[in-house]
Amino acid sequence: MTLATIRLQFPPAQDSSGSIQLKVSKAGLSIGAKRILQDIDLEVRKGEVLCLIGPSGSGKTSLLRMMGGFISASEGMVLAQGRKVVAPSRRIAFVFQDYGRALLPWRTVRGNIELPLEARGTPRAERAAISERLLDQVGLANTSNVYPRQLSGGMQQRVQIARTLAQSPDVLLMDEPFGALDAMTREALQDELLKLAAIQNMTIVFVTHDLEEAIYLGDRVVALGANPGRIAAVVDVDLPRPRNQLTTREDTRFLALRHRLRAFLTEEGRK
Amino acid sequence: MRALGVVPPVLFLVAWQLCSWSPAFPIQTFSNPAEVVNALLQSIWDGTLLRATAQTFQTTFCGLGLAIVLGVPFGFLVGSLPRANRAAVGVVEILRPVPAVAVIPLALLMFGFGSSMESAVVAFAAFWPVMVIARAAARAVDERLIEVARALEFNTLERFVKFLFPAALRQLFVGFRLGLGVALVVAVTVEVAVNPQGLGYSMTSAQAALRPDQVIALLVWIGLVGWTVNAVVALAEMRLFRWDPLSGAHR
């Protein structure tokens, strides 16, 4: 069963409560005496790409990890489809920035991608076909039997993305996934991600420190303020899709958003 | 470069043989290369050498196997649970410095002469390097991998089998190799000291019979055997860790 067919069985719900995949409700996070996050209220809608951006120390990665169930909120809660998130779940996939540490180096590319299938109990006979198709989708056909360390950084991150797709998650949480890659590779991966997101109507929360990346990818950009981290602004991105590395970035609306958010972030960073 | 390594031993053998023809040479202690080779071939031919080697190997690997079976889980336990480590550290630090030969009398009381006693002493000696390295390996497992395991909702057993153990195996192998070296040394030591079997006992018998050629032949044989075992382990390591671009580079 492909990811696309899974989506087709569940057409987007009409009522607003059903279309909320993740809801962060009055959440706060303290580590010892230090407040990391405060009063976070956020809803992630089905099928949207939500980008989280903020100066360092604004707790954007902490917020993402809270959504993923890796850390629990000190106050308030995170709800996934109405149920409280208390631990990581296969329904919510997490793409780590450091692909080199997140892939199992002793498993081949295929072995890594089959990991969620093993977790889910997919029959052995079906696994190979699924991993082949996913590899094809992320542009890595014919690398099944290669070990991750034999691949470039961009290719390793593609493997990690394919692995999370094998989870067929409801939500994809991505923590600065392209931050460590060179500019050309980053742009290529941005476009591939958008293409996959469009085909499969994926719900994505994308953390980045790169303002232009946030606007380019997002349907909405959430800007966090620092010390303690809190939501400072939520901006709708009304740029047409499919987006294009040249025309989208030259669009006056893109530039206007960039100006607005840039001014805002500079001010927040100064606080 | 390989050929260069052959030069010193050949020179040494030639010098030794030449010296042994001098009347001043203590032939009763050092024999000469020709006699040593003769003694070696003789003991291979009559089967005594291979039988003794089999005995020593049996106790070496039984003891090492026991050390691994006990040492790896124990090391993992204290390596991944700080509280378990605090509870165990007192006993470990008192027992670890005890020389393996010092437990021979107790092992004799428990098992009498024979393979069981020797294996027990070998296991005691090899347990420590295996356990200490397993502990360090468990501590060194990347937390990111554990998070991946959590994200995919693997249970404790699956986390151990699919994540912890393979992640630690590269390092565990270092412990196995150290343990193997210790095991072989201790097995031969126990045989030289008390146990009437194996290569160690063959050497004490040859010494008692005033046969320096046999004593030296056995020394050479133990060296060759040790080298072979190491080569086999190194080969296994290379096959096992093909995924690691560093493997093989250091030798």
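Source: prediction; values computed, not measured.

Draft legend 1. Structural view of the overall build of chain B. A count of helices and strands for chain B gives 11 helices and zero strands. Traced from its N-terminal end to its C-terminal end, chain B shows the element sequence α-α-α-α-α-α-α-α-α-α-α. In terms of overall dimensions, chain B is more spread out than a globule: its C-alpha atoms have a radius of gyration of 22 Å, far above the 18 Å expected for 251 residues. C-alpha extents for chain B along the principal axes are approximately 80 × 50 × 30 Å. Across the 251 residues in chain B, those meeting the buried criterion constitute 43%. In chain B, 72% of the contacts between residues at least 6 apart in sequence involve partners at least 24 apart.

Draft legend 2. Spatial organisation of the packing of helix α4 (residues 48-80) of chain B against helix α9 (residues 156-193) of chain B. Residues and elements named next belong to chain B. Relative orientation of the contacting elements α4 and α9 amounts to 140 degrees, with a least axis distance of 8 Å. Relative to α9, the element α4 lies oblique. Crossing hand, α4 versus α9: right-handed. Per-class residue counts for the contact of α4 with α9 are 16 nonpolar, four polar and one charged.

Draft legend 3. Representation of the nonpolar core in the model. Residues Leu42, Leu63, Met67, Leu173 and Val205 of chain A together with Val121 and Leu172 of chain B are the most contacted members of the largest nonpolar core, which totals 97 residues. Residues lining this core come from more than one domain, with at least three contributed by each of domain 1 (19-91 + 170-271) and domain 2 (104-168) of chain A. With sequence-adjacent residues up to four places away left out, leucine 173 of chain A is seen in contact with Leu22, Leu64, Met67, Gly68, Ile92, Ala93, Phe94, Val95 and Val205 of chain A.

Draft legend 4. Geometry of α9 of chain B. Residue and element names in this part refer to chain B. Taking 1.5 Å of rise per residue, 38 residues should cover 56 Å, yet α9 covers just 45 Å from first to last C-alpha, more than 12% shy of that figure. If you look at α9, its biggest bend is around 55 degrees, right at leucine 169. N-capping of α9 is provided by asparagine 155, with a side-chain oxygen placed 3.1 Å from the backbone N of leucine 157.

Draft legend 5. Region of the structure containing the pattern of salt bridges. Applying the stated criterion across every chain, the model contains 23 salt bridges over all chains. Residues arginine 91 of chain A and aspartate 170 of chain A are paired through a salt bridge, measuring 2.9 Å at the closest nitrogen-oxygen approach. Residue arginine 91 of chain A is found in the loop between β5 (83-84) and β6 (92-95), and its partner aspartate 170 of chain A is found in the loop between α7 (153-166) and β7 (171-175); the two are separated by 79 residues along the sequence. What you see here is one network of salt bridges that share partners, running through Arg65, Asp98 and Arg101 of chain A together with Asp142, Glu143, Arg144 and Glu147 of chain B.

Draft legend 6. The interface of chain A and chain B, seen in detail. Contact with chain A, which involves 23 residues of that partner, is made by 18 residues of chain B. Both faces combined, the contact of chain A with chain B buries some 2,000 Å², and carbon together with sulfur accounts for 60% of it. When the buried area of chain A at its contact with chain B is split by residue, Phe70, Arg101 and Trp106 of chain A rank highest and sum to 32% of it. Seen at the junction of chain A and chain B, the total is five salt bridges. On the surface where chain A and chain B come into contact, there are six residue pairs in polar contact (both at pLDDT 80 or more). Going through the elements one at a time, α3 (99-102) and α5 (115-120) of chain A are the ones with two or more residues in the side of chain A that touches chain B.

Draft legend 7. Geometry of the sheet that holds strand β2 (residues 34-45) of chain A. Residue and element names in this part refer to chain A. Strand order in the open sheet formed by four strands is β2-β1-β4-β5, and the pairing between neighbours is antiparallel. Across the chains shown, the open sheet's two edge strands, defined by having one partner strand only, are β2 and β5. Judged from the two bridges that link them, strand β4 (residues 75-80) and β5 form a sheet pairing that is antiparallel. Of the residues in β5, the one forming a bridge with leucine 79 is lysine 84.

The rules behind these values
Residues numbered from 1 in each chain as written. Chains lettered and ligands numbered in written order. Predicted model: local features only at pLDDT ≥ 70, side-chain atom pairs only at ≥ 80, totals over all residues. Heavy atoms only, no water. Helix = DSSP H or I, 4+ residues; strand = E, 2+ residues; numbered from the N terminus. Rg over C-alpha atoms; globule rule 2.2 N^0.38 Å. Buried < 20%, exposed > 50% of the residue type's maximum accessible area, 1.4 Å probe, protein only. Contact = heavy atoms within 4.5 Å. Axes fitted to C-alpha atoms, helices over the stretch in contact; angles between N-to-C directions. Parallel < 35°, antiparallel > 145°, perpendicular 65-115°, else oblique. Left-handed = near helix turned anticlockwise from the far one by under 90°. Nonpolar A, V, L, I, M, F, W, Y, C, P; charged D, E, K, R; others polar. Core = buried A, V, L, I, M, F, W, Y, C linked by side-chain atoms within 4.5 Å. Domains from an automatic or database assignment. Expected span 1.5 Å × (residues − 1). Bend = angle between axes of the 7 residues up to and from the residue. Polar contact = N/O pair within 3.5 Å; in protein donor to acceptor, adjacent residues only side chain to side chain. Salt bridge = Lys/Arg side-chain N within 4 Å of Asp/Glu carboxyl O. Buried area = accessible area lost by both parts, 1.4 Å probe. Pairing = 2+ DSSP bridges.

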